[in-house]
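An overview of the molecular structure
What follows is the residue order along each chain.
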Amino acid sequence: MYEANFDGLVGPTHNYAGLSLGNVASLSNAASESNPKEAALQGLLKMKALADMGYLQGIIPPLERPDVYTLRKLGFSGTDEEVIQKAAKQAPKVLVACASASSMWTANACTMAPSTDTADRKVHFTPANLANKFHRSIEWPQTAELLKKIFSGEHFVHHAALPQGEHFGDEGAANHTRLAPSYDAKGVHFFVFGRYAFDLSKPAPKRFPARQTREASEAVARLHQLDPQRTVFAQQNPDVIDQGVFHNDVICVGNLNVLFFHEHAFLNKDETLTALKEAWQSETPLHFIEVRDADVSVSDAVATYLFNSQLLARPDGRMLLVCPAECRENPRVAAYLEKLVDSNGPIAEVRIYDVKQSMRNGGGPACLRQRVVLSELERQAVNPACWLTTDSYEALVAWVNKHYRDRLTEADLADPQLLQESRTALDELTQLLKLGSVYPFQKLGA
């Protein structure tokens, strides 16, 4: 069995519109000028670095944006260009939402379960409905189509997203962690939710919304046919949600037998850790690395995305932590990481990568990837053109340099030419990745 990281390619409309209430970085950088070309190249460089180290690295393409189909549902008519122009004049904030490139954060694309853990011994995918934010709630149909093109055949089961609405708000793998003694062993599925949808007497954040409900997490676990004895549900600490920890992966990351988390991550920390130990059912040690608030505060964790790092298994059985550059720039976090490596614990190495374009919108290295555990047969069934190689990396870099703008503001989203540029780029991308006609404009002949 292998763990593969499927990173989202940053789309041509990458911009800072401040659409995500509860995401401190997104709100604080609203209306700033973005650089879509730099964003895409930063993401590709991180992918290439991991592939060069021997990690399986896959690619998930961006969605078609601006989303003129949603704009038409909202009453705008005419040619595609006229739809954009009318929306820009009559409802500019709606146009901005329909042009968001937020699908780049593929940790939110779906939740997956490997065949080792499912009752039918198949790989399951459930695209996230992302119901809490309009600009993200319109993503899942296209995301589902892309996932079916990448993971096709008898080994894979693709579910529809959960019903829309606040009761079953599902944010995907950003609130899900799989722990296991090894990738080919049965794992523990750890779902972290922000609130109870049907019991308002339970604790909940007061300032920012809790995007994941317990009921949604339970539904995904049922759809994926997971063993209840190896499935743990825990509530995120409402206080940290109100401090900008909008997903669990902003304050916790795990892989194999290591869980790396902040001491204030969970509402009932002791009960949560006890439940994980009971579900573990293995003689292999389960390591909890708890970061004290005295070493790294919640505000430092949010500012640097220390916990939104990728935790990757090395061949020697220890872990590599892939951190954003902000972790090096913060003296307290940098000092903690140095101490962490010197402690001779499970995390042996830290590597720093610049994903600043993503970070300014509230997404670190872990946001940019979806982890998929596959057997050899399942790996061979994946669309081969969606694996990153030296050749495909060079082709994708050339593709980005050819099609992407190096400057984009909110006002530029009203330019109908941006739609044509994006469609031209995506049409060429589907040829590079051998996906066929997967986007709406290709199917409709736009």
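Here is a short report on the structure shown in this document.

Scoring rules and cut-offs
Per-chain numbering applies: the sequence of each chain, read as written, is numbered from 1 onward. Two thresholds apply to this predicted model, a pLDDT of at least 70 for residue-level local features and 80 or more for giving and counting side-chain atom pairs, whereas whole-chain, interface and lining totals are computed over all residues. The side-chain values count all of the structure's non-hydrogen atoms but skip hydrogen atoms and water molecules. Numbering of helices and strands runs from the N terminus, with a helix taken as a DSSP run of H or I at least four residues long and a strand as a DSSP run of E at least two residues long. Taken over C-alpha atoms, the radius of gyration is set against a globule rule of 2.2 Å times the number of residues to the power 0.38. Using a 1.4 Å probe on the protein chains alone, a residue whose accessible area is under 20% of its type maximum counts as buried, one over 50% counts as exposed, and one in between counts as partly exposed. Residue contacts are defined here by distance: any two heavy atoms, one from each residue, within 4.5 Å place the two residues in contact. Only the protein chains shown count as covering a residue, and every accessible area follows the Shrake-Rupley method with a 1.4 Å probe. Here the positive residues are Lys and Arg and the negative ones are Asp and Glu; neither His nor the chain ends is included. Charged side chains are reduced to one point each, which is NZ for Lys, CZ for Arg, CG for Asp and CD for Glu. Fitted lines through C-alpha atoms serve as axes, helices being fitted only where they are in contact, and the angles separating the N-to-C directions of these axes extend from 0 to 180 degrees. An angle counts as roughly parallel when it lies under 35 degrees, as roughly antiparallel when it exceeds 145, as roughly perpendicular when it falls between 65 and 115, and as oblique in every other case. Each residue gets one label: Ala, Val, Leu, Ile, Met, Phe, Trp, Tyr, Cys and Pro are nonpolar, Asp, Glu, Lys and Arg are charged, and the others, such as Gly, are polar. Whether two strands pair comes down to DSSP finding at least two bridges between them. Helix crossings get a hand from a simple test, with the near helix turned counterclockwise from the far one by less than a right angle marking a left-handed crossing and a clockwise turn marking a right-handed one. Here the expected span of a helix is defined as 1.5 Å times the quantity of residues minus one.

The next thing to look at is the overall build of the protein chain. The helix and strand tally for the protein chain stands at 18 helices and 15 strands. For the protein chain, whose C-alpha radius of gyration is 21 Å, the value lies close to the compact-globule estimate of 22 Å for 446 residues. Along the three orthogonal principal directions, the C-alpha set of the protein chain runs to about 60 × 45 × 40 Å. When the 446 residues of the protein chain are sorted by exposure, 62% land in the buried category. Restricting to contacts in the protein chain with at least 6 residues of sequence separation, those with at least 24 account for 77%. For the protein chain, the exposed surface amounts to about 16,600 Å²; the carbon and sulfur share of it is 50%. Of note, the protein chain has its 45 positive side-chain charges centred 2 Å away from the centre of its 53 negative side-chain charges.

Before going further, it helps to spend a moment on the packing of helix 2 (residues 36–52) against helix 16 (residues 390–403). At a minimum axis separation of 10 Å, helix 2 and helix 16 run at an interaxial angle of 175°. Classified by the angle their axes make, helix 2 and helix 16 are roughly antiparallel. Together, Lys37, Ala40, Leu41, Leu44, Leu45 and Lys48 of helix 2 and Thr390, Tyr393, Leu396, Val397, Val400 and Asn401 of helix 16 make up the contact between the two elements. A breakdown of the residues in the contact of helix 2 with helix 16 according to their chemical character gives 8 nonpolar, 2 polar and 2 charged.

The strands making up a sheet are joined through hydrogen bonds of the backbone, oriented either antiparallel or parallel. The strand order 2-1-15 describes an open sheet built from 3 strands, whose pairing is mixed. The open sheet has two edge strands with one neighbour each: strand 2 (56–60) and strand 15 (369–374). Between one strand axis and the next, the sheet turns by 30° as a mean value, whatever way the strands run. Of the pairings in the sheet, the one linking strand 1 (residues 2–8) to strand 15 comprises 6 bridges and is antiparallel in character. Bridging across to strand 15, Phe6 finds its partner in Gln370.

With that settled, consider the sheet that holds strand 8 (residues 231–235). Overall, mixed pairing links the 3 strands, which are arranged 6-7-8 in an open sheet. If you trace the sheet from one side to the other, it starts and ends with strand 6 (176–179) and strand 8, each paired once. Strand-to-strand, the axes of this sheet are offset by a mean angle of 20°, without reference to chain direction. For strand 6 and strand 7 (residues 188–193), the ladder comprises 4 bridges, and the chain directions are antiparallel. In the strand pairing of strand 7, Leu179 is matched with Val188. Its contacts with the sheet place helix 10 (residues 269–280) against strand 6, strand 7 and strand 8, and it is angled at close to 160° to strand 7.

A separate point is the packing of helix 4 (residues 80–90) against helix 17 (residues 416–432). Following both chains from N to C, one finds helix 4 and helix 17 inclined at 130°, their axes separated by 8 Å at the closest point. Put simply, helix 4 runs oblique to helix 17. The handedness of the crossing between helix 4 and helix 17 comes out as right-handed. Listed contacts from helix 17 to Asp80, Glu81, Ile84 and Gln85 of helix 4 are Pro416, Leu419, Gln420 and Arg423.

It is worth spelling out helix 16 at this point. An α-helical turn contains 3.6 residues, so any two residues separated by three or four positions project in the same direction. Helix length check: helix 16, at 14 residues, gives a terminal C-alpha distance of 20 Å against a target of 20 Å (1.5 Å per residue), a fit within 8%. Against the buried residues of helix 16 lie helix 2, strand 2 and helix 17.

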